[in-house]
Amino acid sequence: MSATSTADTGPSAPAPAVSRRRSVSIQTIAPHLILLIVLAVTFTFAPGYRSTTQVASLLQLMGLLGVVAIGQNLAILVAGIDLSVGAVMTLTNLVTALVMAGSNANMPLAMGLTLLIGLTVGLVNGVGIALLKVPDMVMTLATMTMLLGTGYLITGGVNKGNASPAIVTFMQARFAGVLTGGVVLWVILGIGIILVLRKSVFGMQLYAVGLSRRAAQASGVRVAVIVIAIYVISGVMSALAGLMLTGYIGSSYYDLGGPYQLKSIAAVVIGGTSIFGGVGGYGGTFSGVGTIVVLLSFLQVVGLSDAGQQIAYGAVLLLMLILFARQQRKN
């Protein structure tokens, strides 16, 4: 099995070589093929999307979704899920806009609070799931509710504060035609997490936990430590995405991060990561992120209503889930 295949599928039970190669090939190629099809359809029926301006706009949106999808990807790889990612983004957006108040001098404090929010939420989620044995969906849903309530308590439902010029420039100023600081940051973080999953002991242990927590524990893996670390990373990535969102929008809006909860899950699943854990990787999620962003943008261009957009990408997600579940049964 190649290095790339290992990264995309993680450790797995012994299987016939031909079957394993075929399985890995499908799982590796499918997310990229789906993205190419969506791009081809979009560029054919909405040729305006070929312009530099539109490509740059799509990449900006991919950067935001891509960063939050890093944490979601890791959570799903350990057979969990993080329903609090959108609420973390929302709270970070509200707090950082309020603290920055349009001044670069307040950026260090805003960045510190971003890290604090991410670490705290991730640690609470991780401890609750790994040590208190609260189901991941229940734990992160409860956290989500508390975070949204905290955000409303802070702002009273009124938009307050503005992004600093520095973070606005980082997120909006373009170079090389289509790139922004946010896009470059996403690519760097994405490549970093791919290398961690492929090359590190932590990555190997993460896949082992996703495949079977009981077997991983019996093999000497500190399962609780891995799970807590995953949710801490997810919290930090979500908070960072919230800070980026503040720079992208330029101000704060209540529940601005809400849509990213479902989008991040969809990007990960369409990217080929199994919802059952232990199979997948961020390489496919790169394409999953692109598919979600391009698909939703195209649906907006053709004039589909918000409800229609939800139905359309929900149908794509359901199709991928069905196909992946069938593939898992074959293995």
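Computed from a prediction, not measured in an experiment: that's the story for all the values here. As a convention, each chain's residues are numbered from 1 in the sequence order in which they are written. Confidence filtering applies because this is a predicted model: local features only for residues at pLDDT of at least 70, side-chain atom pairs given and counted only at 80 or more, and all residues used for totals across whole chains, interfaces and linings. To get the side-chain values, all heavy atoms of the structure are used, and hydrogens and water are removed first.

**Quick word on the overall build of the chain**
Part 1 of the argument: Within the chain one finds 14 helices and zero strands.
Part 2 of the argument: Order of helices (α) and strands (β) in the chain, N terminus to C terminus: α-α-α-α-α-α-α-α-α-α-α-α-α-α.
Part 3 of the argument: For each residue, the accessible area found with a 1.4 Å probe, counting protein chains only, is set against the maximum for its type, and the residue is called buried under 20%, exposed over 50%, and partly exposed in between. The 331 residues of the chain split such that 49% are buried.
Part 4 of the argument: Accessible surface computed for the chain: about 14300 Å², of which carbon and sulfur atoms make up 70%. The numbering of helices and of strands both runs from the N terminus, where a helix is a DSSP run of H or I of at least 4 residues and a strand a run of E of at least 2. For the accessible areas, the method is Shrake-Rupley and the probe is 1.4 Å, while residue cover comes only from the protein chains on display.

**Notes on the packing of helix H7 (residues 165–172) against helix H11 (residues 223–249)**
Part 1 of the argument: Packing of H7 against H11 brings their axes to within 7 Å, and their N-to-C directions diverge by 90 degrees. Here H11 runs roughly perpendicular to H7, going by the angle between their axes. Residues Ile167, Val168, Met171 and Gln172 of H7 form the contact with H11, whose own contacting residues are Leu243, Met244, Gly247 and Tyr248.
Part 2 of the argument: Charged residues are taken to be Asp, Glu, Lys and Arg, nonpolar residues to be Ala, Val, Leu, Ile, Met, Phe, Trp, Tyr, Cys and Pro, and polar residues to be all remaining types, Gly included. Taken together, the residues of the contact of H7 with H11 sort by class into six nonpolar, two polar and no charged. To define axes, lines are fitted to C-alpha atoms, for helices over the stretch in contact only, and angles between the resulting N-to-C directions are given on a 0 to 180 degree scale. An angle below 35 degrees is treated as roughly parallel, one above 145 as roughly antiparallel, one from 65 to 115 as roughly perpendicular, and anything else as oblique. It only takes one pair of heavy atoms within 4.5 Å for two residues to be counted as in contact.

**A word on the packing of helix H8 (residues 181–199) against helix H9 (residues 201–211)**
Part 1 of the argument: The geometry of H8 relative to H9 is characterised by a closest axis approach of 5 Å and an angle of 75 degrees between their N-to-C directions. In terms of orientation, H8 and H9 fall into the roughly perpendicular class. In contact with Val196, Leu197 and Lys199 of H8, H9 contributes Val201, Phe202, Gly203, Leu206 and Tyr207.
Part 2 of the argument: In the contact of H8 with H9, the residues fall into six nonpolar, one polar and one charged.

**A word on the side chain of Ser164**
Part 1 of the argument: Inspection of the secondary structure assignment puts Ser164 in the loop between helix H6 (136–155) and H7.
Part 2 of the argument: With a relative accessible area of 0%, Ser164 lands in the buried category.

**Considerations on the environment of Val301**
Part 1 of the argument: Here Val301 shows up in helix H13 (residues 282–301).
Part 2 of the argument: A relative accessible area of 46% places Val301 in the partly exposed class.
Part 3 of the argument: A sequence separation of 253 residues divides Val301 from Gly48, and the C-alpha atoms of the two residues are 10.0 Å apart.
Part 4 of the argument: Contacts of Val301, omitting those with residues within four sequence positions, involve Ala46 and Tyr49.

**Describing H6**
Part 1 of the argument: Helix span, expected: 1.5 Å multiplied by one less than the number of residues in the helix. For H6, built from 20 residues, the straight-helix expectation of 28 Å at 1.5 Å per residue is met to within 8% by its first-to-last C-alpha distance of 28 Å.
Part 2 of the argument: In this structure, the buried side of H6 is in contact with helix H4 (85–100), helix H5 (107–130), H11 and helix H12 (260–270).
Part 3 of the argument: Note on H6: the residue one or two positions beyond its end, Gly156, has a positive phi of about 65 degrees.

**Structural notes on unusual backbone geometry**
Part 1 of the argument: Positive phi, close to 60 degrees, is recorded for Ala79, a residue that is not glycine.
Part 2 of the argument: Position of Ala79 among the secondary structure elements: in the loop between helix H3 (52–77) and H4.
Part 3 of the argument: Using a relative accessible area of 33% as the deciding quantity, one classes Ala79 as partly exposed.
Part 4 of the argument: Notably, Lys133 is not glycine yet its phi reads approximately 60 degrees, a positive angle.
Part 5 of the argument: For Lys133, the position within the fold is in the loop between H5 and H6.

**Quick look at the side chain of Asn125**
Part 1 of the argument: Within the secondary structure layout, Asn125 lies in helix H5.
Part 2 of the argument: Relative accessible area serves as the criterion here: at 1%, Asn125 is assigned to the buried category.
Part 3 of the argument: Excluding its chain neighbours within four sequence positions, the residues that come into contact with Asn125 are Asp82, Ser84, Met139, Thr140, Thr143 and Tyr231.

**What to know about the nonpolar core**
Soluble globular proteins: nonpolar side chains tend toward being buried together.
Part 1 of the argument: Counting 66 residues, the largest nonpolar core has Met62, Leu65 and Val209 as its most contacted members.
Part 2 of the argument: With 14 residues, H3 is the largest single contributor of residues to this core.
Part 3 of the argument: Setting aside its immediate chain neighbours within four residues, Val209 contacts Val78, Ala216, Val221, Val223, Ile226 and Val227.
Part 4 of the argument: Working definition of a nonpolar core: buried Ala, Val, Leu, Ile, Met, Phe, Trp, Tyr and Cys residues. They are joined through side-chain atoms within 4.5 Å. Listed in part, the 17 residues of the second largest apolar core include Leu91, Val95, Met100 and Ile167.

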